[in-house]
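One-letter residues, chain by chain:
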Amino acid sequence: MQFLAPRRGFARMLEMHFGNMLEEVIGDKGLSLVEIEGIREKTAIAHSQIHERKWDELAFIDLVNQDTAEIKELADSIVKNSDLFLLLGIGGSAMGPRAILEALQPMHNFRNHPKIFIYDNIDPRTLDAIIEIIDPHRTTVNVVSKSGNTAETVASFMIFWEHMNKALGSEAARRFIITTNPEGGILRQIVRENNLMSLPIHPSIVGRYSVLSPAGLLLSEIAEINSDELLLGAKDILTKCSNAELWENPAYLFSVLLYLMCVKEKRTVNVMMPYADGLKSLSEWFCQLWAESLGKLGLGITPYPAVGTTDQHSQLQLWMEGPEDKVVIFIRIDDYGSNIRIPKVFETIEEFSLLSGQCLNDLIGAAAKSTELALSNASKPNMTITMPSLDAYHVGQLFMFFQICTTFMGFLFGVNPFNQPWIEAGKNNTFGLLGKRGFQKQKEDIARMAKGNICWKL
Ligand code: PA5
């Protein structure tokens, strides 16, 4: 199935190859057309939830029409006056920006200015290293938090606020940009009280669906990644993924196939395997989206990030002969934008001469196809998405495609794909542990757990 470009005559779209999910190709471990047709009622309901915009959180769809002028203006001034752009955020607020950067500006810090670092995990050792390295006079700190309340992000903001203020005095405030909910949250309050620069994340957009909001686009412009191309790709694929007809809508079909594999064939693990180093972080971003959006009420699918060809030499054995619980999703790139040829050296050795003259582009493509073939021949279901090239336009397509897939899949399962009660519970437990007012119960629960803890000294 080709995702035909509705607007730009010459832009090639992603393609989805799903034959290896079907009975007629891989035998009785595949899905029959009757099974697929059998869930028409469910798909119609799921489609209407999206089409009729029954959820405010679908606001992520409208990001394709946003005006990027303010983001670009801000990025220009940051590039001029900074040697380091430091993004503080966690979860969707860090994984989306990182996926953009690594997909579209590989090795950025070795080649471009300003350097970019995403600090998400509040590991004190990492923070020590950053503090040691940065020059506050040439650093811009971008604090990204949709809620504006997340303890990890707020804590690192506090540390850098003090550090920068000690070094720069009243000038420090001009080196912070807060990307957050325009209406609520502690960070918004700080913005107002200290007159800080800020960018909005629409109040209804959930963190893991915020990659195409200013959360991802400011970093993108700073790294000279064209955010308008990201949005255009997202917009073009959205048109194709809005079709009510299952066989005409690649996002719906992708979700239906994986849904049926999960509920009928008990394939509850989805491996996401791009054949590109640059898409490793995008694969992790997908895993967050899939896990946090769908893992509810005893339902969901366990996502599993991988990268080709690396994991052919690490995980493939398990997929071929281990438990029959997986579907592998490959992402193949047609044009890597690089065509390194293997030189003709050591030609007298057969194993070497076989490789001589081949392009790495072709070699990695051949490795992907051979893995796909090995799985299919062994009746292991798999799908392949092909990208014409690894550029902003097609990465924008991937982001929107997977967001629609996830939303639709949530509705097939009958869960809310936009909430994350157990992430919130974790945040509340942290507040309890820290003694925040109103979180006494969490504090007591944690104390009780500590008492029951059994520990061996090793
Ligand atoms: O998707 C989500 O809601 C979460 O993963 C959040 O992105 C994460 O918890 C960080 O939240 P926030 O951006 O509000 O700081």
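All residue numbers refer to position in the chain's written sequence, counted from 1. Residue-level local features of this predicted model are given only where pLDDT is at least 70; pairs of side-chain atoms are given and counted only at 80 or more, and the full residue set underlies all totals for whole chains, interfaces and linings. Each side-chain value is worked out from all heavy atoms of the structure, with water and hydrogens disregarded.

A. Focus on the domain arrangement of the protein. The domain limits used here are those given by an automatic or database domain assignment. Here the domain parsing of the protein yields domain 1 (15-53 + 230-413) and domain 2 (62-227). Between domain 1 and domain 2, the C-alpha centre-to-centre distance is 31 Å. Pairs of residues are marked as contacts when any of their non-hydrogen atoms sit within 4.5 Å. Contacts between the two partners involve 26 residues from domain 1, matched on the other side by 26 residues from domain 2. Two parts lose some accessible area (1.4 Å probe) when they are put together, and adding that loss for both gives the buried area. Of all residues in domain 1, Leu230, Leu231 and Gln288 give up the largest surface area on contact with domain 2, accounting jointly for 30% of the area buried on that side. Basic side-chain nitrogens of Lys or Arg form a salt bridge, by our definition, when they fall within 4 Å of a carboxyl oxygen of Asp or Glu. Across the domain 1-domain 2 interface, the total number found is two salt bridges. Measuring nitrogen to oxygen at the nearest pair gives 3.2 Å for the salt bridge that ties glutamate 292 to arginine 208.

B. Quick peek at the site of the ligand. As a matter of local geometry, the ligand sits amid 16 residues, with Ser93, Ser145, Ser147, Thr150 and Gln288 nearest to it. At 2.8 Å, a backbone N or O of lysine 146 approaches an oxygen atom of the ligand. Any pair of nitrogen or oxygen atoms within 3.5 Å is treated as a polar contact; in protein, a donor-acceptor pairing is required on top of that, and neighbouring residues in sequence qualify only through side-chain atoms on both sides. Serine 147 places a polar side-chain atom, nitrogen or oxygen, 2.7 Å from an oxygen atom of the ligand. Reported accessibility uses the Shrake-Rupley method at a 1.4 Å probe radius. Residues are deemed covered only where the shown protein chains occlude them. Across the complex, the protein chains shield 94% of the 380 Å² of accessible surface that the ligand would expose by itself. Summary of the distance rule: residues count as near a molecule or strand when at least one heavy atom falls within 4 Å of that molecule or strand.

C. Inspection of helix H4 (residues 69-81) at higher detail. Counting from the N terminus, the helices are the DSSP runs of H or I reaching at least four residues and the strands are the DSSP runs of E reaching at least two. One less than the number of residues in a helix, times 1.5 Å, gives the span that helix is expected to have. Here H4 spans 19 Å end to end across 13 residues, near enough to the 18 Å set by a 1.5 Å rise per residue. For H4, the elements touching its buried residues are strand E2 (84-88), strand E4 (139-145), strand E5 (176-180), strand E6 (197-200) and helix H10 (214-222).

D. Looking closely at the sheet that holds E4. Pairing is parallel in the open sheet, where five strands are placed in the order E3-E2-E4-E5-E6. The open sheet terminates on both sides in strands that have one partner only, identified here as strand E3 (115-119) and E6. Adjacent strand axes in the sheet meet at a mean angle of 20°, parallel and antiparallel pairs treated alike. Pairing between strands requires that DSSP locate at least two bridges from one strand to the other. With four bridges connecting them, E5 and E6 associate as parallel partners. Paired with isoleucine 178 across the two strands is serine 198, which belongs to E6. Sitting on the sheet, H4 is in contact with E2, E4, E5 and E6, with an inclination near 140° to E6. Only the stretch in contact is used when a helix axis is fitted, and all axes are lines through C-alpha atoms; the angle between N-to-C directions ranges over 0 to 180 degrees. Packed on one face of the sheet, helix H5 (residues 92-104) meets E2, E3 and E4 and runs near 150° to E3.

E. Structural context of the pairing of E5. Residue burial is assigned from relative accessible area. The probe radius is 1.4 Å, only protein chains are included, and a residue is buried under 20% of its type maximum, exposed over 50%, and partly exposed in between. Of all five residues in E5, five are buried, a share of seventy percent or more. Pairing of E4 with E5, which is carried by five bridges, proceeds in the parallel orientation. Paired with asparagine 142 across the two strands is isoleucine 177, which belongs to E5. A crossover gets the label right-handed when its path from the first strand over the helix to the second runs clockwise, viewed with the strands pointing away from the viewer. Handedness of the crossover joining E4 and E5 through helix H8 (residues 151-168) is recorded here as right-handed. With helix H9 (residues 186-194) bridging E5 and its parallel neighbour E6, the resulting β-α-β unit is right-handed.

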